[in-house]
Structures are given as structure tokens and as C-alpha cells.
Amino acid sequence: MSVNQQAHTGPPYGQPQPGYQGYQQPAYGGQPLPGVPQSQYGAYNGPMPGYQQPVPPQGYFPSLGFPSKGSPVSLNSDTSSLAPNFIGSLRAPPTSGAPPPASGASLPSGHLAYSQFGHGDVQNGIPASAAPMQRPPASQPFLPGSAPTPVSQTSTFQQYGPPPASVQHLSNHMAGMTIGSTAASAPPPAGLGYGPSTSVPPVSGSFSATGSGLYTPYTASQGPSPTSVSQGLPLAQSPFSGQPISAQRLPTQVPGFAPPPSSTGIGPSSYPPTTGAPRPPTMPGPPLPGQTVAGPPTSQPNHVSSPPPPSTMSGPHPGPPMSGLHVPPPPTHPPQPGYQMQQNGSFGQVRGPQPHYGGAYPGTPNYGSQPGPPPPPKRLDPDSIPSPIQVIEDDRSNRGSEPFVTGVRGQVPPLVTTNFLVKDQGNASPRYIRCTSYNIPCTSDMAKQSQVPLAAVIKPLATLPPEETLPYLVDHGESGPVRCNRCKAYMCPFMQFIEGGRRFQCCFCSCVTEVPPHYFQHLDHTGKRVDFYDRPELSLGSYEFLATVDYCKNNKFPSPPAFIFMIDVSYNAVKSGLVRLICEELKSLLDYLPREGNMEESAIRVGFVTYNKVLHFYNVKSSLAQPQMMVVSDVADMFVPLLDGFLVNVNESRTVIASLLEQIPEMFADTRETETVFAPVIQAGLEALKAAECAGKLFVFHTSLPIAEAPGKLKNRDDKKLINTDKEKTLFQPQTSFYNNLAKDCVAQGCCVDLFLFPNQYLDVATLGVVTYQTGGSIYKYAYFQLETDQDRFLNDLRRDVQKEVGFDAVMRVRTSTGIRATDFFGAFYMSNTTDVEMAGLDCDKTITVEFKHDDKLSEDSGALLQCALLYTSCAGQRRLRIHNLSLNCCTQLADLYRNCETDTLINYLAKYAYRGVLSSPVKTVRDALINQCAQILACYRKNCASPSSAGQLILPECMKLLPVYLNCVLKSDVLQPGPEVTTDDRAYIRQLVTSMDVAETNVFFYPRLLPLTKADVNSDSLPAAIRNSEERLSKGDIYLLENGLNIFVWVGVNVQQGLIQNLFGVSSFSQISNALSALPVLDNPFSKKVRSIVDMLQVQRSRYMKLIIVKQEDKLEMLFKHFLVEDKSLSGGASYVDFLCHMHKEIRQLLS
């Protein structure tokens, strides 16, 4: 539905929706929400001045009803620079079909916001028409030409009238839910100071407590206000009796910041300048009883074009905005370019005429002074709840310009969506390690109370951007790296040298070790070694050591690894053109095998096998004129028929290899063999590597379920009837233990398996993927492979897979300082004991996620340390150790934990935890556990960190305000809630992919990026500003691109101008656009070039080549596209973001009660 349609007034989670046409919406448990009565009040215009309001019944939510000029808007969707915290006010969408303007940007002419009110229409802001209006449901299909009438925008605020028949009353909906998140810069209620702001830009200007509406510049000593109301969310006025709500206590001072003046609660509390500098971590105290304090501003990201909007509020007023303030939402109207807006919550004169409104703006209306009939109640406005887009934009503008210097312990890095440079000064770059929290509880009791998992997502061989330095390689000669005698930790910046430098004390276990004579160096007056800056292991967070022979298998240095290409030549593979395509590509690809930086050629040797029911080995020795083929038909007892000539150097055997690759497609051109084997293929590769005494990688190209008589033979066990039963978990488990044992043998040899699958039907990815998964390999799947549409994607994936950096025969161990230890591991690897993560291969895209638990108390002074050590063989056969160190803070106050969490990493961990859970528990159990854990995390914050407020409010910690929206995306994912079109193989495939994804990949996978292409500036290199993943953000006259790391959709609206269609697709009308395009046509015009450059830019950022899918509005493919609009209700039963937020609020309230 297009943006200009009014939001549907959503009822509570789980009640039948009067507005959703045609289907009931079951609750999480199928029953309506208890304890949420319908309002029994008539229309209400507010108490007379000075009148004491009675406390309304539970669930009734009075603070919604302040009529005001125009619509209460928080233009920049929701995350404010200050306060995303309250949920509520409803905004009328803009009249033009364009998506709502990007946060805080001034609207271009022609898009004047909300100009639909004629001059006589508004009496003091209340629309004349009180007819109940309702936004069509988000899932309503597009109706061509059904432009909504402007009338639908008039009902903007909720008065206290009884709900009209067609719209559920909000009290029923969100019972006064206010989302209060404490701004990252804003102190949390527990009274602790904030560190530098992580994701929220400061707002220029300030509130004045006097109501004068002046902008007071921020003084260095004043603290930022915590987030809270900005979004114009319905704020619950807690006591409802007119007394101000007590604000949070002043936080304690944070190093480097002055404490706030004691009068902050009273004087003007102003906002920091928009410099992007860290904001002072302090905050104003509570207002005195009876004192009025200004309300919060709406969120403006860069605060240039529009100062905070005007408000019609007056009366008792709760103090500087902060997380979870219960202020009646300042109804606001969108900033108009060039107009100074009145401060939100101040009651002075308006600066000038406000466009599109009738009459002058009254100075300080009292409650009850507004004339006009009450408009109907409204659905929770999607613009008033935290927006991922806003948070991402804010972080980019605040943290994208400065390098992230890793010298300070426990710093939360910029978000994964922000482009930033890293300067290693003693802690590993966030490209290598990201944590769920950078300030961990000192005790296990505190950790259990918060339920925040303590985990690190580690990507040991991550690729760095060209402007950052690769880890230095340190060679200590025959004696090898210096290590602690007791715990064997490697020398790192946190080791303490004592006794003049003759000994060092381990930072992990406190054991004192002698410094080897060759490593001795004097200390300076600070106790640092004088060669501190000359040695990477003393001054950097990440570095490598050259390993000695003691670190090698059988005490001998390894040979360079080998790559073996194993090609399925059964009927399907040959007929589809796949065999010919692979052979053609390998001719050139073999020149691009990975090699060490300065080497002339790669040291990697290659071998070739083809197979169907039997295996064919090829001798490609350089001395032969033609390749020789040897067939092994006894697949039950696999052996390699030749040693010499199977694995060869590409350059030496170039002509023989070229000849072989020419002949393979011809040899099998007329095959009639449809059956394949699979396990013997891997056994053959493993035996070949054993015989050559080297590690390596098998590239297996496979098309069908291996039903031929052989070890590892599988049967088709696909059964959709098992979905939502207790046996559903068997669909994710391998059907035989044979492959687990095979994987174990592969890991022991350093044989990594990469699997390229081309299925036309069920293939049992859950079983075939076991070896790949446990050896650290990658799976690629091209269902219904067709040469013309899938060739580019497959070839790009193959090229990248062959060329990328990979370590072989790898073992990783994570050491921690006393007090915590690594207890659980997630990823593509094998473990034969409880500490060592073993991988036959580990590439630059793979992550290992490690969970930590307390085994003792930690201290705030010493913090906590992690050291990840990876032992591996490089592609040149060199044995190396890569070390990553990270120091974290420890806290005794929960507020410090909640202020230093990283939601993207938390979601990465929770998804992996859940995706492993489906192997052993029913999917419903896994889903419920996820919801429960997140509800506990947020309830603990609410109970222990947020200032006291009515239960009707939802209060979220600033850095976790996106937890509900992202969690809902995980719950709606194909693994946990499949739609009818999702196959069992798809689910097993996604489950394996996600398990080794890094944080950037899970971020875009669960909340895809949606870009309005028609808004792209053809003259700049930048991407257009992203918009939220909801159908109501799409306009019929625009073209959008959606990417999730696996697919790119280009969605074309039915009303797109013919010129744009011609420029992008080279056809003259919408109806002529072909769905079959797998790439955009190369046309010589600025728009085509710009869009193709955007697609190329996105492809480069992702580890897999994304499939391009053209979707025309109202076309059958649109259902697939809508599946990725994750803020909407999904066809498979997943809740919309708004509904899920209400559900989470209900869960939190149940926990608190």
C-alpha cells in the first residue's frame, strides 16, 4: 500500500483486527489480551486547569489526547537523537507518494508535509472531521489507482472518546505503552554516567524549563538528556494527578566529563551541539514538584533544517526528557524548511506563521481549552517506534568520520553498518571481534539477573579495507613465541613486566614467568619496556607469530595445501550445461589460486575427479601428452588409483589440464546415468590428501540426492507434515551418522569441503551439509539451476571461493582472564574436546561465536580479557599463529551493562543459539525461549535501571531499542517460521549459513536494506537514503532495491514514469519489463549507470553474489518480495513490528507483575 494511506489502527497483539480484511490474527497464545478493558469514557477534552485528574483504570491511556496543530509527527521516523523512548503519537503520512522524508531532512518543494489541511479545516489543530479513519492494513494488496483521499489524514490524534466501531481503542492496544530508551548518551536511570554517545546524534538547541522556547546553547558541563519522548510517542503521564514525575538521579561522574550543575533539573536543560564529539555523560536531575519543565524535541538527525516542532502541551510537566518519561506526547507537526519551530514542550509564542494551518497558534492553551470534536483513537504509529534506519543513520553521522582507536578498554565500536577506519592501539579491531556487551557484570548473579548473553563473534581471518594494516608477522626464531608458563597465553599488550623486565606476570592467570634471555629488555620509568612500540605483540591487539616445528603435525613442517575439483557428471549436470560451464571457468580460474603476498605463483597443487555412480580420477602429470582417466567402481572401499600425477602444479601441467577440461564435457555428453554417490567422493578426496601428506580443500559440484548403492546412501525423507510437530527437528538432523564420522576424519587430515549444490528436488542439505559444516567449509545452493539466469551468480561465487584467503588445518582456542571462561561455541567447525575449535579450513568470511560464563567474581579495576589464538597453515604451507586480544570493562551496576551492549551482535548470537536449538527442540519451544529471554532482558532493565513509571509504558535501553524489531525478524525467518513455499532444504541451508555469518551479514539478512532507486542522485557516488522495510513505505511511482545478502530485488511500482522504465530496462512500458532478467541491461544513460553501480557496490560488500530478481508490482513474484518487508505481518503468520512490540510489552509486564 502506498505511503499516502493512513495507518491501520492495530488492535493488541492477538485480537481480531477489524481493519485487516479477511483474516483473524491469532495471538501468541490465541487468546485476547487480559486486563485491557475497552474505554468506558466518553469524549474528553482534558481537565479544567487546576483540576485533579482521577487515576484511570489499568490499561487506559489518557496521555494520548492532546489535540494539536497538524499531525504529531516525528518526521525522522523514530529514533531520536534523544528519545526513541515512547511509543505513540500517530502521524498522518505525507501527501505525496514519496516515502516519509529522511530523518529531519527538509522536505523538497512539492513535498510540503501535510499540506492537506485547508485553512478552515483545523480548529486549533483538531481536524474538523471526526469520522473514524483508518489506515488500511499493511498487508493489503495494492489497488491500482486507488489513491487514498486526503480526508484519511485528518484524524490525527487520539482524544479520549470511545473507540469507533472500526478501530480498536489504543488503551486496548498498548495500554499506554511508551517506549523509553535511554539515549546512548543519555544516562540510564541507575544514576551512572554515560560514555560517549554511540548511536544518537546530539540535538542542537535546548529545552527551556520556563517555557520560553529559547534555544540555549549547550554548555560543556551540562549532560545530554536521555532519550525519551522525542518520538511523539504516547507518553503515559504517570501519576495522572498533575504532579511531575521524578526524573532520574544525577549520574556519577564519568572520567573526562564534568558533572552537571546541581541546578540542571531546574534551569534550561539544553542539548549538545551537533559536532559529533562525544557527549558528556551526565544528566539533569528531577524537576521540583510543581515546576514545569519542557518536553523533549522530536528526533532530528542532523538538526539542521528543522528545529524541534511546537507543542500544545502545558500544565505539569516532567523534567528533562529521559528514558521513560511519561510526558503527554508533544503533538508536533513536520518541520517546514525555513521556519523556526517552537521548542517542543515550551509554551512561548510561535516564531512565525505556520504554513498550512488556519489561524494563529495560541500561546499556552490549557488542557481543555481546545475546541472541536474529538478525533477517533488511532493505531500505534509505526513512525513513533524505534526505527533501524534512523539508528543506522545516526551512528553514521556521529561515528563515521572519526577513526575508531582501540587503545581504550571496553569501548563500544561503531555499528557494522557504519564505514569507519580502525587504528589498532592494543585491542583487536571490531572487524575481528565484536561482543554482545563491552561492560560485563562482575558476578554471575548479576549476569543471570540481566539475562544478557555474554558472547563474542570472532572472525579471525577477516579481510581488512586497503587503508588498514594487516597483522604483522613476528618471527621469534627457533624458540617460538613467548608464552605464560601456566596457562600458555601468548605475549600480549596486557602482560605486566616486573623485576626490571626479567619476569612478566600473566594477565590471564597471574602466574609469573621468566623472560627468555633473548627477549629481555629494560623498562622505562612507567614500567613499560623500552621496545614497546617496536614489538607488535606488546603494542597491538592483533598480530601473527611464525610457528615453530613444535606447532606442526608429527613435528614436521606442512606441505603446501591442495585443491581438488570434484565434478558430478550425471545426466542432470550435463544436460543443464553445468559441466561445460565449470570446465570452461576452471581453465582461467586456476591462474588465480591464492598465494602469499610476494610469491610469483601459488604453491597450491590441483587435482580433478568426475563422478556419477562411479569415480573417475585423472592423471595430469606434466610429462603426459594427454590426460589419463582411471575409473574406481568399487565405491564401497574407496582408494586413490594413482599418486604421482594426481596433484600437480598448475603452471607445469597447464597444457594437460587444459586438454582435460576440454574433454570432460565431450566424454559425458551422451550420459544416461542419473544416479549419484556422494560420501565416496569425499572419501576419495580425503585419501588423496592423506597420500600427499597435505591439507587442502575439495570443491564438490553436486546435483542430486545420492541414492546409488554406496556408503552414505540417502533416502528421500522430506515431509512437510512434520512442520509444527515435535518431530520437526528431525528435518534439520542428518539422517545417518555416517557423515559425522566422515567429517571427523576430514578434520584430522585438514581436508575442508566446499559444496556447490544444483538441486531440482529434495537433496537433503541437512545431511550432505554435515561434512562441509564440520570441516569449516561453505555451502552454495542454486535451486533449479538455469544457465542463462544463474550462471553469473555461480561463477562469481566460485571465483571468490577459490581465490579467498583460507587457513588450513586450523585450531582455535580462546583464553580468558580469571573470572570468566568460554563455555559454548557456534559456527562451522568440529570439537573433539571442550576447549579447542578445530577446522580443516577457515576462510576470511567465517566466524566462530563464543559464549562466556562466570566461574568467579570479576573486578571493575582489572576488567576482563580475551585472547583468541588461531594456529593454521597458510596457503603457502607456512604454519602460523594469529592472535587477537580484547579487554572489556566490568561493572557492578546493571545500568553500565545495558549502556554498553551491541544489539547487532546480540541478535547474531541469539539467531545462532536458536538455529542450533531447532536440532534438539520443537521450533515453537525455541521461539518461545527467544521471546522469553528478550522479555527478561528488557524487564530487568525496566525494573532496575529505568526511572519509576507506570506499567503502561514500554521502556527500552537506548542501545537495545532495536532489540524487538530485530528479534521479530529472527522469529519470522524461514528456519523458525517457514511459509508454505519454503522447502526443507532451504531451511537447512539457511540454518547452516547463518551459523557462521558475521554481524554485518546477520544484520542485513534479518533486516534487509531497502533503497529508493528513483531518489538516487545520479551525479554522486552515494547511495540513496534507506527506508524502512514496510509496504506502506513504498510508492507506486517509484523503483526500489531490496538486498539481504543472498538476493537483490528490484521492485517496480505500477505508476513508474515511462522514461525511467525506458532508461533502466530498455523497454517502453511497465508491461514489457521481463521478470526473467538476471542482470540489468547495460544502457548508456545516467540512471542506468547509477543503478548498476549501486548493484555492483552492494555485490562487492557481500560474501556471496546476490541473485537479482525483478519484481513488478501486483505480479506473482511480489509475494516473495513482501516476505522481506519484515516490519509487516508475514503470510506465514509472523507478527508485524507494531504488533510484536505490543506483545513484547505484554510479556515484560507479566514478568514485572
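As a starting point, this report considers the structure included with it. (Residues numbered from 1 in each chain as written. Predicted model: local features only at pLDDT ≥ 70, side-chain atom pairs only at ≥ 80, totals over all residues. Heavy atoms only, no water.)

**Observations regarding the overall build of the protein**
Right, so step 1: Counting its secondary structure elements, the protein contains 21 helices and 32 strands.
Right, so step 2: Evaluated residue by residue, the protein yields a buried proportion of 64% over its 1153 residues.
Right, so step 3: Sequence separation of 24 or more characterises 78% of the internal contacts of the protein that already satisfy a separation of 6 or more.
Right, so step 4: When the accessible surface of the protein is summed, it comes to about 39,200 Å², and 52% of that surface belongs to carbon and sulfur atoms. (Helix = DSSP H or I, 4+ residues; strand = E, 2+ residues; numbered from the N terminus. Buried < 20%, exposed > 50% of the residue type's maximum accessible area, 1.4 Å probe, protein only. Contact = heavy atoms within 4.5 Å. Areas by Shrake-Rupley, 256 points an atom, 1.4 Å probe, with all protein chains shown as cover.)

**Thoughts on the state of the cysteines**
Right, so step 1: Applying the stated criterion across every chain yields a total of zero disulfides.
Right, so step 2: Here C901 is not disulfide-linked; the sulfur of C959 is the nearest cysteine sulfur, at 5.0 Å.
Right, so step 3: The exposure class of C901 is buried, given its relative accessible area of 4%. (Disulfide = S-S within 2.5 Å.)

**Structural notes on empty space enclosed by the protein**
Right, so step 1: For the coordinates displayed, the defined rule picks out 11 cavities of 30 Å³ or more.
Right, so step 2: In this structure, the largest cavity encloses a volume near 290 Å³.
Right, so step 3: In this structure, the largest cavity is lined by 23 residues; those nearest its centre are L993, S996, M997, S1103 and R1104.
Right, so step 4: Sorting the residues of the lining of the largest cavity by element identifies α10 (765–774), β21 (779–781), α16 (984–995) and α17 (999–1006) as the ones contributing at least two each.
Right, so step 5: When the residues that make up the lining of the largest cavity are grouped by side-chain class, the tally is nine nonpolar, eight polar and six charged. (1 Å grid on protein atoms, 1.4 Å probe; cavity = no way out; pocket = protein on both sides within 12 Å on 5 of 7 lines; lining within 4 Å. Points joined across faces, edges and corners; volume = space filled by probe spheres on them. Nonpolar A, V, L, I, M, F, W, Y, C, P; charged D, E, K, R; others polar.)

**Remarks on the nonpolar core**
Right, so step 1: L615, F617, M960, L976 and F1065 are the most contacted members of the largest nonpolar core, which has 143 residues in total.
Right, so step 2: The biggest single contributor to this core is helix α14 (residues 923–944), with 11 residues.
Right, so step 3: Ignoring anything within four residues of it in the chain, the contact list for F1065 reads V1050, V1052, I1073, L1077, L1080, P1081, L1083 and I1110.
Right, so step 4: If you look at the next biggest cluster of nonpolar residues, it comprises 43 residues, including F563, L660, L798 and V802. (Core = buried A, V, L, I, M, F, W, Y, C linked by side-chain atoms within 4.5 Å.)

**Here's the deal with α10**
Right, so step 1: The buried fraction of α10 is high, at 10 of 10 residues.
Right, so step 2: When we look at burial in α10, the residues that qualify are V765, A766, T767, L768, G769, V770, V771, T772, Y773 and Q774.
Right, so step 3: The first or second residue beyond α10 is G776, which carries a positive phi of 85°.

**Comments concerning the sheet that holds strand β30 (residues 1039–1043)**
Right, so step 1: With respect to topology, four strands assemble into an open sheet ordered β29-β30-β31-β32, the strand pairing being mixed. Strand pairing shows two members of the sheet lacking a second neighbour, β29 (1009–1012) and β32 (1107–1112), which therefore form its edges. Neighbour-to-neighbour, the strand axes of the sheet open up by a mean angle of 20°, direction not taken into account.
Right, so step 2: Inspection of the sheet shows β29 paired to β30 by four bridges, in the antiparallel sense. In the strand pairing of β30, L1011 is matched with L1041. (Pairing = 2+ DSSP bridges. Axes fitted to C-alpha atoms, helices over the stretch in contact; angles between N-to-C directions.)

**Regarding the sheet that holds strand β25 (residues 848–854)**
Right, so step 1: If you walk across this open sheet you meet the four strands as β6-β8-β25-β23, and the pairing is antiparallel. The two strands at the open ends of the sheet, each matched to only one other strand, are β6 (433–435) and β23 (820–826). The mean angle between the axes of side-by-side strands here comes to 25°, regardless of whether they run parallel or antiparallel.
Right, so step 2: For β23 and β25, the ladder comprises six bridges, and the chain directions are antiparallel. Pairing of R821 across the sheet is with K853, part of β25.
Right, so step 3: Relative to the sheet, helix α13 (residues 903–917) contacts β6, β8 (455–458), β23 and β25, its axis offset from that of β23 by approximately 60°.

**Observations regarding the layout of surface pockets**
Right, so step 1: In this structure, the second largest pocket encloses a volume near 1,500 Å³.
Right, so step 2: Looking at the second largest pocket, it is lined by 48 residues, and the ones nearest its centre are V416, N419, A1000, Q1101 and R1102.
Right, so step 3: In terms of residue class, the lining of the second largest pocket is built from 26 nonpolar, nine polar and 13 charged.

**Describing the pattern of salt bridges**
Right, so step 1: Counting across every chain of the model gives 49 salt bridges.
Right, so step 2: For D531, the salt bridge goes to R529, with nearest N and O atoms at 2.9 Å.
Right, so step 3: With relative accessibility at 7%, the residue D531 sits in the buried group.
Right, so step 4: In this structure, R654 and D591 form a salt bridge, with 2.7 Å as the shortest nitrogen-oxygen distance. Highlighted residues: R654 in helix α7 (residues 654–667) and D591 in the loop between α6 (578–589) and β15 (605–611), separated in sequence by 63 residues.
Right, so step 5: We classify R654 as partly exposed; its relative accessible area is 34%.
Right, so step 6: Taking relative accessible area as the criterion, D591 reaches 36% and is therefore assigned partly exposed.
Right, so step 7: Through salt bridges with shared partners, a single ionic network connects R800, D801, K804, D843, D845 and K846. (Salt bridge = Lys/Arg side-chain N within 4 Å of Asp/Glu carboxyl O.)

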